[in-house]
Structures are given as structure tokens and as C-alpha cells.
Amino acid sequence: MKRRTLFILSLVHLTLMLSVQKKTTRVKSADAIDLKVKTLLAKMTLDEKIGQLNQYTSDRLATGPLTPNSSKFNEIKTGRVGAMLNVKGAKETRMVQELAMRSRLKIPLLFGLDVIHGYRVTFPVPLAEAASWDLDLIEKSARIAGKEAAAAGVHWTFAPMVDIARDPRWGRVMEGAGEDPYLGSLIAGARVRGFQGKGLGNLDAIMACVKHFAAYGAAIGGRDYNTTDMSDRTLWEVYLPPFKAALDAGAATFMNGFNDLNGVPATGNSYLQRDILKGKWAFNGFVVSDWGSIGEMVNHGFATDNKQAGMLAINAGNDMDMESHSYNANLAQLVKEKKVSVATIDEAVKRVLRKKFEMGLFDAPYRFSNEEREKNTLNSPENRAAARDIAKHSIVLLKNDNQLLPLSKTLKTIAVIGPLAKSNIDMMGFWSVKWENDHLISLYEGIENKVGKTTKLLYAQGCDVTDTSKVNFSEAIATAMQADVVVVAVGEHFDMTGEAKSKANIHLPGVQEDLIRAIKATGKPVVVLTMSGRPLIFNWTADHADAILQTWWLGSEAGNAMADVLFGDYNPSGKLPISFPRSEGQIPVYYNYKNTGRPSANDYGTGYKSGYTDLQNSPRYAFGYGLSYSEFELSGLTLDKTSIKPNETIKITCTLKNTGKYAGEETVQLYLRDETGSVTRPVKELKGFKKVYLKSGETKMVNFVINKEMLSFYDQKMNWTTEPGTFDIMIGNSSDHIVLNSKFELLQ
Ligand code: GLC
């Protein structure tokens, strides 16, 4: 026994020593880097320092309004540029880096690119991935994107976008993780870990850039770039948590936003950038402006000209100027006029240089620009297989009357109809890296790859996405008449949702719903696939189609993933990360709303209740909703305590049974409600979820632990606190389908 104890003790000692050593090494390397930064800074002229705070785009690919600038390559050679964006590929990045190596101090450039959901292999758009609620898969997706980008000379991605969004009229809902701060925070962390891998300095790690700091998603009216205005409580409870989660995951950089927040543009907002980010949260990376957002403070009426805008931005904590051309043109003069101190510039430059050292670029400026490695890393079968895997996990089954799905692979005749049935390019989504003649698998191809030789496939386009002509309806109807089942592919083109793509009308565009109606009138069973970057409105379809799959834009392997689900090789498990409205008139509609003094009893506003007289309050499809080919039964909720002090916990258990005939995965969701508070509290808040895979007939216990963090909120003085009182526990498989209820008391 003695020897065993000794052995265990020495193991513990060894582990402790290693972890202390690892931390020491980390601290040592940070100190070493700080010394290198300090030493280099001391050699730099003011112009060279300012140059590090300047980022230009390559002219080849502009992701914003381009300012012609023929001198940018000369400026690189004279050390007046610190980073480039939209330069990609081992060859091109090496070529541009060589220009920087001709500057006096040979300070390497950072190359940034919007690697939002994949670099060479395109993954599902971020909102689609969020529908998987699978943090491991989401991290893996970002990991592969990071590896491919790093192999192509990219050091830095302008992702993850973590803006909470409750308004699908705003096209950029597609880039985020939906409406919930809890789910959004977990996904933000997963994406940062994915991009940064084992840490900066590794050859397959790229810097993440958390954006858009902050609250850009609260654009009034869902109009992109519009004003955002909210209480401190809403800012801290809804919009900031995913940013903090991303920072806690080690995010290297932040990007601010185009919006003004409570009257102060994010780019010139020292409350956001200095008080919160660099102060309270002690962020040690750097902040880059969004494209031209410094200069746009003139349009905001916050600066008189680009020079004053530059002064306001850098003094508020914006470190790098993306494409406003303000810092390079004005900072030296602003220093002369004592409107910006050298210390402020030094602070910003140190942040940028530190990241370049951490990325290993001083030791080896071309380490990411290796064509051989690029060729061997990009577009591998494993990467495509991973894209197909997360794509099928991202599909949400909205309806399946009479268990029409899954389809048999030996059906005699299947008609595949609709404007997106054979579309490849629309599967890529708005923010994908565009590749010449890239081949993304269409729905039709996916079905073709799936069904047996005996199955006859028919096709008709029926109509276009946007035009209102019904001239091809007759052909589509005739095609449908020949089939046993009709699969209809409708939705949006890839460029209809994304940046600067806000829409007042988010109904299914054109005459697509009329096409569905015409196909349904044939009496054939109709499966509708809605392919979009945002929630769309399609009430008639929701009422009359036999089955509906929300398939978003699923990337390179879209068609194969859709076929996996259609034919039952994968039992759909997706859950909506954002509410789908019935009408634009009820937006914003979200699950964690407040009860009000006159809560609606019948989902309408009749009888002096809060609501509409002409439409239900509830969304068409709720946050957290998604069906399966199986049925899952929740039962047996137990708590190990019914009252706790703030520092105690409650263990919750319940039972989940798969009562269906297919194996499948259910996402059990835990919601809490603080019944009474010193401020009004939401009717429910997601505080936990568990994805549980069960074979047919199998049962498993599902456990949650309630802790103080889950019960905390900001009181009237904005103190993060708990208050005694009654809490409701709600467990279900959707925010609007709660099966198990209980209560507990939080004591003083
Ligand atoms: C765009 C976007 C931002 C993107 C940047 C660089 O305008 O707002 O999300 O990362 O410019 O392309």
C-alpha cells in the first residue's frame, strides 16, 4: 500500500510541476515577447509606428467600398502598412510579404481574410452550424477552416461574428449564432478555439477576430449599419456575453462595428473599447476597425473630418485602421498638435507587434506561405467529409406529417422541382471564399448519388427565385404528376442574405410559394426544402406541405447532406437557433421575452392583453424547435434539493426515452425563470442543454446542475447579483415545448 501511495503522490507532484512549468514557460515567453516588442519599438520612427496601425485591402477582392490607392505597395516597402486584407494563397502572400521585408525594420505584415465558414472547403453558414447545437462539430469546422487558411498564407480571420440577432430582416443574422446569449456564448468560444487551435505560433493556427464589438445586431428596423440603442442591462445581458466568452477562449483580436451605440459610434466608443474590453476584461490583443468605420464617423456626425475621426478612434481604443486611410494620413500631425499622444500610439503598436511575434512572423515571415503545404492541405476528402457531417447536423426538420420522411431509396420516381434544386453556387452562402469553378454539390446531385439505379429522377425548375413569371408552372406540374413523391427546393440566392442585404419583406421570394401550392394541388406528397441564410416566412407552405426541412446554405457538400437526411441515413437533429416569425409585423419576436403587466392568455392581444388583434404573438417556429424521425419522451424530473443558498447547487435529473423506430439525437433544453426580481426578468432563459443519442427504445438519464451563475442578473444598479425567491425549472425539446416543470427556492 505504502509504495502505491508514494507512486500516486509522485504522480501528483509531477503533474503539478508540469503545470507550473507550463505556466512558467507561458509567462516566460510572454515576457520574452514583451522585451522584443519594447526593443523594436525603441528603434521605430513615428511614421513606422503609425504604419503598423494601417491596414489596406488588396484591390483584387474588396469587401467594402474601395478607395483607389496606387501607392499601397510602395507604402508597404517603406513600412507604412501593418496588415493587408483579402490577400490569399501561399504564392500571393509570399510576394506581398517580400515587399514588407524590403522596409528598413523588416516588420512582417499580417494577412487577414473573412474565413467565416470555411476557406477552401465551404462549411454551412454560421447560423446553420448553430442549428446543430453541436459545439464539438462547430469547433471542428472552424479548426479545418483555420488549418486550410493557415496553409494558404492567411494569418488572421475576421471571425467569429458573435452578434446576437433578434431581427431576421437584418441580413447578417446568417453570420452569427442566432438570438440567445447562452448558446451564442458557447458557440463563440468554440469558434475561437477552432480557429486558434493549439495557440498562436502553431503553423495551423490563425488569429480569431471577434466581431462586431458591440451590439451591431441590434440595428433598429433590421436595417444594416443602423443605429443601436438600448439599456445598459440589455447590452450586458444580451449582447456582450458572447464577446466575453470569445475573449475568455483566448481571442487574439476584436473588430468594432459600423453602428453607433447609444449615440456613440462603436469605433469611437471608449466605454466599449477601453473601459470594458481593455479595462474590465483586460484584453491584451488589438482592435481593428471595421472597413472604413473610422471615416464613417463623419457621416455619423460624430467627427468633422477624417482627421478628427482618426483622433477620436485611436483615443477611444481602436488600434488599427482598416481602409479609412485616416491613421496614415493624420496621426503624425495629430501628435504634433498634441491631440494624440505618442504613448497612445505606442500602446496600439505594441498590441499589434505582440501578435506578430506570437505568430512567429519575425523569426520566419514566410512560414505560412508554403505552396507545397497549401496543396497538401486544402480540399482534402477528410475536410469535405467533415463539411458533410456538420451540414447534416445543421438541417432542421420543421414538419413531417404522416412520417412521409425518410424517403425510401427504392422509390420508383422522384420529382425534384424548384429554382434551387440544381443550384450549386447558392449552397456557398454570402461570405464564402470564392473559388473559380468550385463545385458544390446540389440537392439534385445529392439525391442522384443516393438513390438506387431503379429510381427514376425527374427535374423541373418551375420558376426562378425572384422573378414572378409562372410560365413554367405547367411543366413542373406535369413533372410532379409522374412522380411518387415531389421534393421542392426553394429559398434565396446566396447573395440575398448577408452584409447590406436587409429586407423589409422576408417572405419566400417571387412566386415560389405559388409553385408549392400548384405542386400540392396535384395531390402528390410534397417535401419542401427551404434554403436560406435567414429565417423566411412561408405560412401557406407551413400549413400545407407534408414535410419541411430548413436546410439553410450548407456549403460544399450540401446536396449529399440533404440526401443523407431525406433518405434516413441521418436522422435530423437540428434545433432552431433563432425564431422564425409569422409576419414581419411581429419582429422582433424572440423566446426570452418579458411577461408584461398584461400577458396574453391566448397568444393574441384581445381583452386588454399584450399582443396583436390580427396575429398570434408566437413565432411560426420557436427558438430551440426541431423534429426528429423518432419520438422522444421526457419524464421523471427530480431535484436533489428544493431550496438552496446562493453558493449551493441543485442537481436535476430526468429520463429521456426514444419511443420511435429510428435511432436519433435529441437536444434536451433546460430553461429557468426567476419569477420575481428587482427588475423584470424574461419568462424563460436557456441555461443548459444536452444532446443525447438514443437507439430505438433506449432510455438514458439526463442531468443538469443549477448554480449561482445561472441565477444571477443585473439589478437596478447594474450589480451582477442574485436575489432570493422562487425559480421555475422548465425542461423540454424546444422553448415552446416544455414537458417537465418544477420549482425551487433561492434563499437569502
Ligand atoms: C466588412 C464587414 C466585416 C468584414 C470586413 C472585412 O464590411 O463588416 O464583417 O470582416 O468588412 O471584409
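Predicted model only: the values in this text are computed from it and were never measured. (Residues numbered from 1 in each chain as written. Predicted model: local features only at pLDDT ≥ 70, side-chain atom pairs only at ≥ 80, totals over all residues. Heavy atoms only, no water.)

Points about the packing of aromatic side chains
A full pass over the atoms with the stated rule returns 28 aromatic pairs. With centroids separated by 6.3 Å and ring planes inclined at 90°, the aromatic side chains of Tyr182 and Phe689 adopt a geometry described as edge-to-face. Taken as a pair, Tyr182 in helix H7 (residues 181–196) and Phe689 in strand E21 (residues 685–694) lie far apart in primary sequence, 507 residues in all. Residue Phe689 is classed as buried on the basis of its relative accessible area of 13%. Between Tyr714 and Trp720 the ring centres are 4.7 Å apart and the planes differ by 50°, which places this aromatic pair in the tilted class. Classification of Tyr714 by relative accessible area gives buried; the value is 12%. Each member of the aromatic cluster is reached from another via a ring pair, and the members are Phe213, Trp236, Phe243, Phe254, Trp281, Phe283, Tyr714 and Trp720. Over the face of the ring belonging to Trp435 we find Arg120, whose NZ or CZ atom lies 4.8 Å from the ring centre. The positively charged end of Lys422 is found above the aromatic ring belonging to Tyr459, 4.4 Å away from the centroid. (Phe/Tyr/Trp six-rings, centres within 6.5 Å; stacked < 30°, edge-to-face > 60°. Helix = DSSP H or I, 4+ residues; strand = E, 2+ residues; numbered from the N terminus. Buried < 20%, exposed > 50% of the residue type's maximum accessible area, 1.4 Å probe, protein only. Lys NZ or Arg CZ within 6 Å of the ring centre and 35° of its normal.)

Here we look at the packing of helix H18 (residues 473–481) against helix H19 (residues 512–520)
In the contact formed by H18 and H19, the axes pass within 9 Å of each other and the chain directions differ by 40°. Relative to H19, H18 is oriented so that their crossing is right-handed. Contacts between H18 and H19 involve Phe473, Ala476, Ile477 and Ala480 from the first element and Asp514, Leu515, Ala518 and Ile519 from the second. (Axes fitted to C-alpha atoms, helices over the stretch in contact; angles between N-to-C directions. Left-handed = near helix turned anticlockwise from the far one by under 90°. Contact = heavy atoms within 4.5 Å.)

Structural notes on the side chain of Gln55
If you trace the backbone, Gln55 turns up in strand E1 (residues 54–57). Of the residues examined, Gln55 reaches a relative accessible area of 0% and is grouped as buried. Among residues more than four places away in sequence, those in contact with Gln55 are Ala83, Met84, Leu85, Trp156, Phe158, Val288, Met320, Asp321, Met322 and Glu323.

Section: the sheet that holds strand E22 (residues 699–706)
Taking strand neighbours across the sheet as the criterion, the 3 strands line up as E17-E19-E22 in an open arrangement whose pairing is antiparallel. The outermost strands of the open sheet, each flanked by one partner alone, are strand E17 (632–639) and E22. Within the sheet, the average angular offset between the axes of one strand and its neighbour, ignoring direction, is 25°. Two elements, E17 and strand E19 (residues 650–658), share 6 bridges in a ladder whose sense is antiparallel. Considered in E19, the bridge of Glu633 is made with Lys657. (Pairing = 2+ DSSP bridges.)

Description of empty space enclosed by the protein
Overall, the coordinates contain 4 cavities of 30 Å³ or more when judged by the stated rule. Of the volumes computed, that of the largest cavity is approximately 90 Å³. Forming the walls of the largest cavity are 14 residues, and the residues nearest its centre are Thr63, Asp114, Asp290, Trp431 and Glu499. Considered class by class, the residues forming the lining of the largest cavity number 7 nonpolar, 2 polar and 5 charged. (1 Å grid on protein atoms, 1.4 Å probe; cavity = no way out; pocket = protein on both sides within 12 Å on 5 of 7 lines; lining within 4 Å. Points joined across faces, edges and corners; volume = space filled by probe spheres on them. Nonpolar A, V, L, I, M, F, W, Y, C, P; charged D, E, K, R; others polar.)

Considering the nonpolar core
A general feature of soluble globular proteins is that nonpolar side chains tend to end up buried together. Counting 179 residues, the largest nonpolar core has Tyr119, Trp156, Phe213, Phe254, Leu443 and Leu566 as the members making the most contacts within it. Looking at which domains feed residues into this core, each of domain 1 (53–112 + 341–371) and domain 2 (387–586) supplies at least three. (Core = buried A, V, L, I, M, F, W, Y, C linked by side-chain atoms within 4.5 Å. Domains from an automatic or database assignment.)

Some remarks on the sheet that holds strand E9 (residues 286–288)
The 3 strands are arranged E5-E6-E9 in an open sheet whose pairing can be described as parallel. The two strands at the open ends of the sheet, each matched to only one other strand, are strand E5 (209–213) and E9. Mean inter-strand twist for the sheet, computed between neighbouring axes without regard to direction, equals 30°. Note: E5 against strand E6 (residues 253–256), 3 bridges, orientation parallel. Bridge pairing links Phe213 to Asn256 in E6.

A word on the domain arrangement of the protein
Once the domains are mapped, the protein shows domain 1 (53–112 + 341–371), domain 2 (387–586) and domain 3 (632–746). Computed over C-alpha atoms, the centres of domain 2 and domain 3 are 34 Å apart. Residue-level contacts link 6 residues of domain 2 with 9 residues of domain 3. On the domain 2 side of the contact with domain 3, Asn571, Ser573 and Lys575 bury the most area, a combined 72% of that side's loss. On inspection of domain 2 and its partner domain 3, the count reaches 1 salt bridge. Glu666 is paired through a salt bridge with Lys575; the nearest N and O atoms lie 2.8 Å apart. At the junction of domain 2 with domain 3, the criterion picks out 3 residue pairs in polar contact (both at pLDDT 80 or more). The residue makeup of the side of domain 2 that touches domain 3, split by class, is 2 nonpolar, 3 polar and 1 charged. (Buried area = accessible area lost by both parts, 1.4 Å probe. Salt bridge = Lys/Arg side-chain N within 4 Å of Asp/Glu carboxyl O. Polar contact = N/O pair within 3.5 Å; in protein donor to acceptor, adjacent residues only side chain to side chain.)

Some points on the site of the ligand
In the vicinity of the ligand lie 14 residues, with Thr63, Asp114, Lys211, His212 and Asp290 positioned nearest. One of the side-chain N or O atoms of Asp290 is found 2.7 Å from an oxygen atom in the ligand. Against a free-state accessible area of 310 Å², the protein chains account for coverage of 99% of the ligand. The class makeup of the residues in the shell around the ligand is 7 nonpolar, 2 polar and 5 charged. (Near = heavy atom within 4 Å. Areas by Shrake-Rupley, 256 points an atom, 1.4 Å probe, with all protein chains shown as cover.)

Some remarks on the pattern of salt bridges
Scanning the entire structure with this criterion turns up 37 salt bridges. Between Arg351 and Glu347 there is a salt bridge whose closest N-O contact spans 2.6 Å. A residue pair is termed a helical-turn pair when its members lie 3 or 4 positions apart in one helix, as Arg351 and Glu347 do in helix H14 (residues 342–358) at 4 residues. With a relative accessible area of 8%, Arg351 lands in the buried category. A residue is classified by how much of its surface remains accessible, and Glu347, at 29% relative accessible area, is partly exposed. Between Lys450 and Asp564 there is a salt bridge, with the nearest N and O atoms lying 2.6 Å from each other. Remark: Asp564 occurs in helix H21 (residues 558–566) and Lys450 occurs in helix H17 (residues 443–450); sequence separation between them is 114 residues. Each member of the pair, Lys450 as well as Asp564, carries the same accessibility label: buried.

Some remarks on the layout of surface pockets
Empty space within the largest pocket amounts to approximately 960 Å³. The wall of the largest pocket is formed by 35 residues, among which Pro181, Glu237, Pro241, Lys687 and Trp720 lie closest to the centre. Residue contributions to the lining of the largest pocket peak at 5 residues, all from helix H8 (residues 232–239). Of the residues contributing to the lining of the largest pocket, the split by class is 17 nonpolar, 6 polar and 12 charged.

Here's the deal with unusual backbone geometry
In this structure, the amide linkage connecting Lys211 to the following residue, His212, adopts the cis form with an omega of 0°. With respect to the helices and strands, His212 occurs in strand E5. Cis geometry is found at the peptide bond from Ile587 to Pro588, where omega equals 5°. At Asn402, a residue that is not glycine, the phi angle is positive and equals roughly 55°. Tracing the backbone through its elements, the reader meets Asn402 in the loop between strand E11 (396–400) and strand E12 (413–417). The backbone of Trp552 sits at a positive phi, close to 55°, despite the residue not being glycine. Here Trp552 is to be found in the loop between strand E16 (547–550) and H21.

A closer look at helix H9 (residues 241–248)
Those residues of H9 not exposed but buried are Pro242, Phe243, Ala245, Ala246 and Leu247. Elements in contact with the buried residues of H9: H7, E5, H8, E6 and helix H10 (270–280). Gly250, located one to two residues past H9, shows a positive phi value of around 100°.

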